[in-house]
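Per-entry structural report
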Amino acid sequence: MSSRTLTSDSGPALRCLSLGAGVQSTTVLLLACEGVIPRFDVALFADTGWEPKQVYANLARLRDHAAKYGIPVRTVSAGNIRDDALDPDHRFVSMPLHTLNPDGSRGLARRQCTAEYKISPLKKAARELLGYPHPRRVPRGLYIEQAIGISTDEFARAKDSGVKYLRNVFPLIELGWDRTRCVEYLAERGFAGTVKSACVGCPFHGRAGWKWLRDNDPDGWAEAVEFDKAIRHGHPRATAQGQPLRGQYFLHRSCQPLDQVDLDPPAPSPAKRHLRLITASTVEEDGDPDGCSPWSCRSGEAVDHPRAA
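First things first, this report covers the structure right here in the doc. (Residues numbered from 1 in each chain as written. Predicted model: local features only at pLDDT ≥ 70, side-chain atom pairs only at ≥ 80, totals over all residues. Heavy atoms only, no water.)

**Quick notes on helix H6 (residues 179-188)**
Along H6, the residues that are buried comprise Cys182, Tyr185 and Leu186. Around the axis of H6, the buried residues are gathered within 100° of arc, so they sit on the same side. Away from the buried face of H6 by more than 90 degrees, exposed residues Thr180 and Glu188 are located. Each element contacted by the buried residues of H6 is listed here: helix H1 (23-34) and helix H5 (171-175). Sitting at the head of H6, Asp178 places a side-chain oxygen 3.3 Å from the backbone nitrogen of Thr180. Directly beyond the C-terminal end of H6, a positive phi value near 85° is found at Gly190. (Buried < 20%, exposed > 50% of the residue type's maximum accessible area, 1.4 Å probe, protein only. Helix = DSSP H or I, 4+ residues; strand = E, 2+ residues; numbered from the N terminus. Arc of directions from axis to C-beta. Contact = heavy atoms within 4.5 Å. Polar contact = N/O pair within 3.5 Å; in protein donor to acceptor, adjacent residues only side chain to side chain.)

Here it is, written out as structure tokens:
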């Protein structure tokens, strides 16, 4: 850890990286190691407990690599989102699950998973690094500069932290790098094949994301299928208390059981391919949204799911 004095005289007290271990944040960490951007005092990985095994493998590799350059990689966590969601003794974990109501209408369940499992542990760690854990008040002007791996093609996702003691910066945007440049850079540095960082059971996976999981992480796919079935009628506690939801929850946007969704649709015929319209829904379904990042959740507006009367 840097010995920089924690004062509010000028500039940040510390510099840290919010490390998701996906493409963009991996790029940012390597750039800091090479001195292209200022070195970090620490990189923090907010672990939901349910990332693909490839992400954890990359995290382990990054921890060893960054240590050679004096940058410690720490894991912070608020628990295991999968286990918590299925635990009848745990408070309900509000994930943006796709909902199918009795009248056939659809929506999204209320969303709090990013705030609870990523933002909260990062804020807690920031306070501790500054020496002012909750409920101590952080002195005015004392802050940590936190780098977020958002590239130019995702600039709309770049957001403030919402607290004065943690100021978000976006090195990739400042460098003018898009995701394609990041992928090229990683390949040049021996980090080809870095995957997107997002929970195994993230409801915002597109067809490409679910297909990748099925074909590349069989254990993760099996867990997602099991989870999808387990949450069909809401939280186990509500079901046990005779208060199930009137509708149903699903991981897939089609509101079909995950293991019944066709992830291998036939390619359009050559004669019709040029007539195909690329709409927003097509991109969402066939492609895969940006990886999950604190303060940059890739979702749309949440819709409460009605409970049984």
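So much for the structure itself; the text now carries on.
**A closer look at the nonpolar core**
One finds Leu17, Leu19, Leu29 and Phe40 to be the most contacted residues of the largest nonpolar core, which totals 28 residues. Elements with a contribution of two residues or more to this core: H1, strand E2 (42-46), helix H2 (53-67) and H6. No other element matches H1, which puts seven residues into this core. Residues contacting Leu29, with those up to four places away along its chain left out, are Leu17, Leu19, Phe40, Ala43, Leu62, Ala66, Ile71 and Val73. With 26 residues, the next largest nonpolar core counts Ala109, Val200, Phe204 and Ile231 among its residues. (Core = buried A, V, L, I, M, F, W, Y, C linked by side-chain atoms within 4.5 Å.)

**A word on unusual backbone geometry**
Note that the residue after His134, namely Pro135, is joined by a cis bond; omega there is 10°. Positionally, Pro135 belongs in the loop between helix H4 (113-130) and strand E6 (144-148). At Ala21, a position not held by glycine, the phi torsion is positive, near 70°. Counting through the fold element by element, Ala21 comes out in the loop between strand E1 (14-18) and H1. Judged by its relative accessible area of 1%, Ala21 is buried. Phi is positive for Cys255, close to 60°, though the residue is something other than glycine. Inspection of the secondary structure assignment puts Cys255 in the loop between strand E8 (248-250) and helix H10 (270-273).

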